[in-house]
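Fold and contact review
These are the residues of each chain, in order.
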Amino acid sequence: MNTNEVKIHVDINGRLGNQLFQYATARALQKQYGGKIVLNTYELQRYKDNFRLELTDFKLNENVIIETKKMIPYGRFLNSLPIKAIRKYCPNLFYSFAAKFGIIAWKPGLMYKKIPDMSQYNDIVLYGYFQSAEYFNDIKEIIQDEITPKFPCVKENKELYNLIKETESVCITI
């Protein structure tokens, strides 16, 4: 496999918190396999009217592409009724089957599941939320550096941002 050809496709779902977990997990895979991260907003734009790609407000690495015009690879497969039923009633079967195609699917109800070796794939698909820091613990410093707001788009909040940055802070969104 040529690492310059690797694309890590992320089916962007949810708002900022979910998007940050999805990006951080993709970034850990990018660190491991190289290539580019493709943030796919096709489904987000189509079904979530008041959601947007909030990650663009942050300094991301230079190897990120934003795809808006077409589904992630295997998108029709993942969203088909038979596969939705298999995901719901036989989740372990679905997750192990999907991995054979380079699809890493987050398993609802399971905070962390080790990602299998994906080195044989040039297209890796992240499908789900990945709501655990364990997916990206190895690159914690990289994530902390990249997930900083761009300025001047939040210029009016710069004082608050500096206060948050200098203290131990927590953010909760509802």
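The structure reproduced in this document is the subject of the present report. (Residues numbered from 1 in each chain as written. Predicted model: local features only at pLDDT ≥ 70, side-chain atom pairs only at ≥ 80, totals over all residues. Heavy atoms only, no water.)

Our next topic: the nonpolar core. Leu 29, Leu 39, Ile 104, Met 118, Ile 124 and Leu 126 are the most contacted members of the largest nonpolar core, which totals 28 residues. Looking at this core, the elements that each hand over two or more residues are strand E1 (7–11), helix H1 (16–33), strand E2 (36–40) and strand E5 (123–127). In terms of residue count, H1 provides more of this core than any other element does, 6 residues in total. When residues no more than four places from it in sequence are discounted, the contact partners of Ile 104 are Leu 29, Ile 115, Met 118, Ile 124, Val 125, Leu 126, Tyr 127 and Phe 130. Listed in part, the 10 residues of the second largest apolar core include Ile 72, Leu 78, Tyr 95 and Ala 98. (Core = buried A, V, L, I, M, F, W, Y, C linked by side-chain atoms within 4.5 Å. Buried < 20%, exposed > 50% of the residue type's maximum accessible area, 1.4 Å probe, protein only. Helix = DSSP H or I, 4+ residues; strand = E, 2+ residues; numbered from the N terminus. Contact = heavy atoms within 4.5 Å.)

A separate point is unusual backbone geometry. One non-glycine residue, Tyr 74, lies in positive phi territory at about 70 degrees. On the secondary structure map, Tyr 74 appears in the loop between strand E3 (64–67) and helix H3 (75–78). Its identity as a non-glycine residue notwithstanding, Phe 130 has a phi of 55 degrees, on the positive side. In this structure, Phe 130 sits in the loop between E5 and helix H6 (140–146). Residue Phe 130 is classed as buried on the basis of its relative accessible area, which comes to 1%.

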